[in-house]
Amino acid sequence: MINENNIAALVGAKVVDRDGDKIGTVGQVYVDPSTGRPNWASVKTGLFGTSESFVPLDDAVEEGDSLRVPFEKAVVKDAPRIEDDAELSPDEEDQLYAYYRGGSADRTATGAGYDTSGPTTDDAMTRSEERLDVGTERVETGRARLRKYVVTENQQVEVPVTREEVRVEREPITDANVDAALDGPAISEEEHEVILHEERPVVEKETVPVERVRLDAQEVTDTETVDEEVRKERIDVEADGRGAV
């Protein structure tokens, strides 16, 4: 966990994203004035560190000489550009938190109702009611990515091969081969050699493209039911005496 004891070591440290890819280096560390704990860091990115982005330290972890943040590199680099002053204003923090959380802080308060009748109005009373104004907003719900990796599997291929084997052939002496049979000494020792051959499988590999894969987002329309309470004003008539109704 990042705390006040890490501040000196963080300045100049390498910043990596959740996948371990380098984003940049820590420029400045900002602390919460009420607790003294580090809550923001500026990250120098781009060529020669000419750009700076802010990243929250709430879920960041220190790993050796690196600071790992739980965001993708592109998310940090595309963060809203804010001047790296001595401190961040509450509005600037709200803007940054809204960006990293994928939403915005809701600071709209519901006003209390009021009565429009009185001595300065006419003789009518205004009745009001709340009505639902339902719309839609587009928010990020998740991410999908393609990741290519290499696996190894065995393939078995039957390959026919041939080989030579020794076979002894005997033939009787005939008039046709008697001359060859008598060509040489009558009794002697001899050796005759035959070289044998065989085929062996030879394997070569080639890489060929087999398909193209891409991600595409398609819109699907569903229906959701909004269940919300609304307030309505009711007007009752009260009368005394003969004018009662």
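Counting from 1, residues in each chain are numbered in the order their sequence is written. pLDDT decides what is reported in this predicted model: residues at 70 or higher carry local features, side-chain atom pairs at 80 or more are listed and counted, and totals for whole chains, interfaces and linings draw on all residues regardless. Calculation of side-chain values draws on the structure's entire complement of heavy atoms; hydrogens and water are dropped beforehand.

1. Quick word on the overall build of the chain
The secondary structure listing takes helices from DSSP runs of H or I that are at least 4 residues long and strands from runs of E that are at least 2 residues long, numbered from the N terminus. If you tally the helices and strands in the chain, you get four helices and six strands. A total of 245 residues make up the chain; the buried ones form 18% of that total. Values of accessible area rely on a 1.4 Å probe in the Shrake-Rupley scheme; residue burial ignores everything except the protein chains shown. As presented, the chain carries roughly 22,400 Å² of accessible surface, and 46% of it is formed by carbon and sulfur atoms. With a 1.4 Å probe rolled over the protein chains alone, any residue whose accessible area is under 20% of its type maximum counts as buried; one over 50% counts as exposed, and the rest are partly exposed.

2. Focus: the sheet that holds strand β6 (residues 66–68)
Each pair of strands is called paired provided DSSP finds at least two bridges between the two strands. If you trace the six strands from one edge of the open sheet to the other, you get β4-β3-β2-β1-β6-β5, paired in mixed fashion. Strand pairing shows two members of the sheet lacking a second neighbour, β4 (51–56) and β5 (61–63), which therefore form its edges. Here the average twist between neighbouring strands, direction ignored, is 40°. Here strand β2 (residues 22–31) runs beside strand β3 (residues 38–45); their pairing, made up of five bridges, is antiparallel. What sits directly across from Thr-25, in β3, is Lys-44. In this analysis, axes come from line fits to C-alpha atoms, helices being fitted only over the stretch in contact, and the angle between any two N-to-C directions falls in the range 0 to 180 degrees.

3. With respect to a nonpolar patch on the surface
On the surface, Leu-132, Val-134, Val-226 and Val-230 cluster together into a nonpolar patch covering about 330 Å² of accessible area. A relative accessible area of 37% places Val-230 in the partly exposed class. Patch membership requires more than 30% relative accessible area and the absence of a salt bridge. Residues of like charge join within 9 Å; the nonpolar side chains Val, Leu, Ile, Met, Phe, Trp and Tyr join within 5 Å. The salt bridge criterion pairs a side-chain nitrogen of Lys or Arg with a carboxyl oxygen of Asp or Glu, the two atoms within 4 Å.

4. Considering the nonpolar core
Inside soluble globular proteins, nonpolar side chains tend to come together where they are buried. Definition used in this section: a nonpolar core is a set of buried Ala, Val, Leu, Ile, Met, Phe, Trp, Tyr and Cys residues joined via side-chain atoms within 4.5 Å. Counting residues in hydrophobic clusters, the biggest one holds 26 residues, and the most contacted among them are Trp-40, Val-55, Leu-67, Val-69 and Tyr-100. Mapped by element, the contributors of at least two residues to this core are β2, β3, β4, α2 (73–77) and α3 (90–101). In terms of residue count, β2 provides more of this core than any other element does, four residues in total. For Leu-67, the residues in contact, after removing those within four places along its chain, are Ile-2, Leu-10, Lys-14, Val-15, Val-16, Val-26, Leu-57, Ala-60, Val-61 and Glu-62. Here, two residues are considered to be in contact whenever any of their heavy atoms come within 4.5 Å of each other.

5. Digging into the pairing of β2
For a regular strand, side-chain orientation follows a simple rule: the groups alternate between the two sheet faces. Judged from the three bridges that link them, strand β1 (residues 14–16) and β2 form a sheet pairing that is antiparallel. Within β2, the residue paired with Lys-14 across the bridge is Thr-25. Between the antiparallel neighbours β1 and β2 lie five residues, among them Gly-20 with a positive phi of about 90°. Count of turn residues in the β2/β3 antiparallel hairpin: six residues, of which Gly-36 carries a positive phi of about 80°.

6. A few points about the side chain of Asn-39
Its place among the elements puts Asn-39 in strand β3. Residue class for Asn-39 comes out buried when judged on its relative accessible area of 10%. Those residues in contact with Asn-39 that sit more than four places away from it in its chain are Tyr-30, Val-31, Asp-32, Val-55, Pro-56, Leu-57, Asp-58 and Glu-93.

7. A few points about the pattern of salt bridges
Following the criterion strictly, the structure yields 12 salt bridges and no others. Of the charged contacts in the structure, one is a salt bridge between Arg-145 and Glu-72, with a shortest N-O distance of 2.6 Å. Of this pair, Arg-145 sits in the loop between α3 and α4 (178–181) while Glu-72 sits in the loop between β6 and α2; the two residues are 73 residues apart in sequence, bridging distant segments of the chain. Taking the shortest distance from any N to any O, the salt bridge between Glu-169 and Arg-167 comes out at 2.9 Å. The two residues Glu-169 and Arg-167 agree in class, both being exposed. Look at the salt bridges and you will find they share partners, linking Arg-18, Glu-72, Glu-140, Arg-143 and Arg-145 into a network.

8. Section: the environment of Gly-12
Tracing the sequence through the fold places Gly-12 in the loop between α1 (7–10) and β1. Sequence separation between Gly-12 and Lys-44 is 32 residues; the distance between their C-alpha atoms is 9.2 Å. Leave out the neighbours within four places in its chain, and Gly-12 touches Thr-25 and Val-26.

9. Some remarks on the packing of aromatic side chains
Both the distance between ring centres and the angle between the ring planes are used here to describe each pair of aromatic rings. When the centres of two rings from Phe, Tyr and Trp lie within 6.5 Å, Trp using its six-membered ring, the rings pair. Their planes under 30 degrees apart give stacked, over 60 give edge-to-face, and anything left gives tilted. A full pass over the atoms with the stated rule returns five aromatic pairs. With a centroid separation of 6.5 Å and 50° between ring planes, the pair formed by Trp-40 and Tyr-100 is classed as tilted. Linking Trp-40 in strand β3 with Tyr-100 in helix α3, this pair joins segments that are 60 residues apart in sequence. With relative accessibility at 0%, the residue Trp-40 sits in the buried group.

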